[in-house]
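# Examination of the molecular architecture
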Amino acid sequence: MNATDALALLPLLLLAGTAVVVMLGIAAKRSYELTAGLTLLGLAASFVSVFGVAPLVPRQVSSLLLIDGYALFYLGLIIASAGAVAVLSYQYFAKHDGQSEELFLLLVLATLGCGVLVTSVHFVSFLLGLEVLSISLYGMVAYFTGRSQALEAGIKYLILASASAAFLLFGMALIYAGTGTMAFSSIGELSLGRSNLALLLPGIALSVTGIGFKLGVVPFHLWTPDVYEGAPAPVSAFVATTSKTALVALLLRFLTAGTQQSPAVFFVFSVIAIASMCAGNLLALWQNNIKRVLAYSSIAHFGYILVAFLAGTTMAAGAVAFYLVAYTVTILAAFGIVTVLSTSEDDAADLEEYRGLFWRRPVLAIVFTAVLLSLAGIPATMGFVGKFYILASGVNAAAWPLILVLVLTSVIGLFYYLRIVVTLFSEVPEHPFSVQRLGWGTAFVLGGLAVLLIGFGVYPAPLLNLIRATIGGLN
């Protein structure tokens, strides 16, 4: 590796360096403010470096990592969302007794794992990035050891991640046995040649199953809502956005290697997409817990994303990218509201805690309303534009059954989102839940997310142009 390669890896190197600095800072002097400050400084430096290394790409760094426009786009999105989670975590964990400095260390390490995933073009780097992410999330999900729900969520996430790793490793072994390589591009060439399919296709199926557990799509979604409910609110936001964004980016790069051209793979993904859209929306109807509603909603949304996957075109890659940005902005804002309303004893998850919020904190209620309308795909929000491009990519591929299911399930989703909106504007209960004071950092993040949510919903051209310029480099 030469100096240019090292410069191309600068965003990842800065994330790794930040983790080391934060760890040494905790060892030298425990200071919650200092640890949070070092974390935010490191994430900001890494985010800025994404723009600095742009003139050097595309750059293949060994056979494991590829730094191109596609990777830099998702690196920027991942680091920015991790920074938002760090700010939300600062106010949230400050309310709780005990030492919370290690949470920021785990957050940086998890972000580093996500960064490795989006730059991976080889199964070895894929597995390394996935394990760095997973091991960090074990501790983040179960960080509140005094809460039985948090410990339960941590154990369930550990079991899910272990199952995911087992399927992935077995799948990788079969792929290597059938092709003699673990590089995505070489696998695609062999797939097109229709050689060794007896081992290649089962290997791909097992690998996709492993990724399915991480994405929480049907039928691998069993404990996903429990993890969302038990984890601290900012950690749930990270699991729902940053970690899943990295996996979607990697899956799309993997599928562009040619494996999606197999009719068997197309059929399996179609079944998963339809099942996720139906189950996610139908199960969300029965929930009175906001975090569980968001969990089932995420299952449905990743079903929508799979519709674009199956289109298999450059337009589809752009649709996935825009939808992921819209989803990330929206879910971060949703969990930001949950974070603000949470107390030191428990998260504000019950729907009744939001009753009459507009009459107590009108700005928070209006932001949350915009978030819910975006998730429902209502015009003038990013969610509407994202869903429009998903539909357009499906139409371009003539995937009419998938489009029909998407439209019908979106109507179902509209019901439970509007139910929450009605609750926000209902009469204040006789004994309302207390609303915590909004910190300046959290206010800045929520305000910025709300501006992006409406701004790109009304005028999406700048983001679309950026996506076209970067996603065109997908290899």
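As the structure is a prediction and not an experimental result, all values here were calculated from the model.

Criteria and cut-off values
Position numbers for residues count from 1 along each chain, tracking the sequence in the order it is written. Reporting in this predicted model follows two pLDDT cut-offs: at least 70 for local features of residues, and 80 or more for side-chain atom pairs to be given and counted; totals over whole chains, interfaces and linings ignore these cut-offs and use all residues. As a rule here, side-chain values come from all non-hydrogen atoms in the structure, and water together with hydrogens is ignored. Think of each axis as a best-fit line through the C-alpha atoms, taken over the contacting stretch in the case of a helix, with angles from 0 to 180 degrees between the N-to-C directions. Strands here are runs of E lasting at least two residues and helices are runs of H or I lasting at least four, both read from the DSSP assignment and numbered beginning at the N terminus. Just so you know how the angles are binned, under 35 degrees is roughly parallel, over 145 roughly antiparallel, 65 to 115 roughly perpendicular, and the rest oblique. The criterion used for residue contact is that any of the two residues' heavy atoms lie within 4.5 Å. Under the convention adopted here, Pro, Cys and the residues Ala, Val, Leu, Ile, Met, Phe, Trp and Tyr are nonpolar, Asp, Glu, Lys and Arg are charged, and Gly plus all remaining residues are polar. Take a side-chain nitrogen of Lys or Arg and a carboxyl oxygen of Asp or Glu: if they are within 4 Å of each other, that pair is a salt bridge. Residue exposure (1.4 Å probe, protein chains only): buried if accessible area is under 20% of the type maximum, exposed if over 50%, otherwise partly exposed. Joining through side-chain atoms within 4.5 Å is the link that ties buried Ala, Val, Leu, Ile, Met, Phe, Trp, Tyr and Cys residues into a set, and such a set is a nonpolar core.

## Focus: the packing of helix H4 (residues 69–94) against helix H11 (residues 233–255)
It is the contact of H4 with H11, at a shortest axis distance of 9 Å, that shows an interaxial angle of 170 degrees. One way to sum up the angle between H4 and H11 is to call them roughly antiparallel. In this structure, H4 contributes Tyr70, Ala71, Tyr74, Leu77, Ile78, Ser81, Ala82, Val85, Leu88, Ser89, Tyr92 and Phe93 to the contact, and H11 contributes Ala233, Pro234, Ala237, Phe238, Thr242, Thr245, Ala246, Val248, Ala249, Leu252 and Arg253. Partitioning the contact of H4 with H11 into residue classes produces 18 nonpolar, 4 polar and 1 charged.

## A look at the pattern of salt bridges
One pass over the full model with this rule turns up 8 salt bridges. Residue Glu102 is joined to Arg30 by a salt bridge in which the shortest nitrogen-to-oxygen separation is 2.3 Å. Linking Glu102 in helix H5 (residues 101–119) with Arg30 in the loop between helix H2 (10–28) and helix H3 (32–52), this pair joins segments that are 72 residues apart in sequence. The class for Arg30 is partly exposed, based on a relative accessible area of 36%. Glu229 serves as the salt-bridge partner of Arg292, at 2.8 Å between the closest nitrogen and oxygen. A residue pair is termed long-range when its members are at least 10 positions apart, and Arg292 in helix H13 (residues 290–311) and Glu229 in helix H10 (residues 224–230) qualify at 63 residues.

## Quick word on the nonpolar core
Membership of the largest hydrophobic core comes to 160 residues, with the highest contact counts inside it found for Tyr74, Phe126, Phe238, Tyr354 and Phe368. Per element, the largest residue contribution to this core is 20 residues, and it comes from helix H14 (residues 314–341). Not counting residues within four places of it along the chain, the set of residues in contact with Phe368 comprises Ile290, Ala334, Ile337, Tyr354, Ile420 and Leu424. Membership of the second largest hydrophobic core comes to 5 residues, among which are Ala19, Val22, Leu105 and Val108.

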